[in-house]
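Spelled out, the chains give:
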Amino acid sequence: MADVAAHITGTVWKIEVKVGQKVSSGETLVILESMKMEMPVEATEDGTVKEIRCKEAQSVNEGDVLVVLE
């Protein structure tokens, strides 16, 4: 299992995946907004989305787990 964490402190602008979806390394999972810039959070490996641990408009900190892949 791989945890995909926020790389910046910001707000979840958009969640691009759903539980059960297969994703590839480099695919955008979540888009964060920080200082009026959109920053994608990408999968670090191939897998299937097991759990989404954030909601749109939620504030997150660097290191917070956003998506769990299996």
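Note that the structure is predicted; figures quoted are calculated from it, not measured. (Residues numbered from 1 in each chain as written. Predicted model: local features only at pLDDT ≥ 70, side-chain atom pairs only at ≥ 80, totals over all residues. Heavy atoms only, no water.)

Chemist: I'd like to hear about the sheet that holds strand β8 (residues 65-69), residue by residue, with values.
Modeler: If you trace the four strands from one edge of the open sheet to the other, you get β1-β8-β6-β3, paired in antiparallel fashion. Each edge of the open sheet is held by one strand with a lone partner, namely β1 (2-5) and β3 (22-23). (Pairing = 2+ DSSP bridges. Helix = DSSP H or I, 4+ residues; strand = E, 2+ residues; numbered from the N terminus.)

Chemist: Which residues make up the sheet that holds strand β2 (residues 10-15), and what are the values?
Modeler: Strand pairing in a sheet is mediated by backbone hydrogen bonds. Such pairs are either parallel or antiparallel. Spatial strand order, β5-β4-β2-β7: four strands in an open sheet with antiparallel pairing. Either end of the sheet is taken by a strand with one partner, and the two such strands are β5 (37-42) and β7 (59-60). Of the pairings in the sheet, the one linking β2 to strand β4 (residues 28-34) comprises four bridges and is antiparallel in character. Of the residues in β4, the one forming a bridge with Lys-14 is Ile-31.

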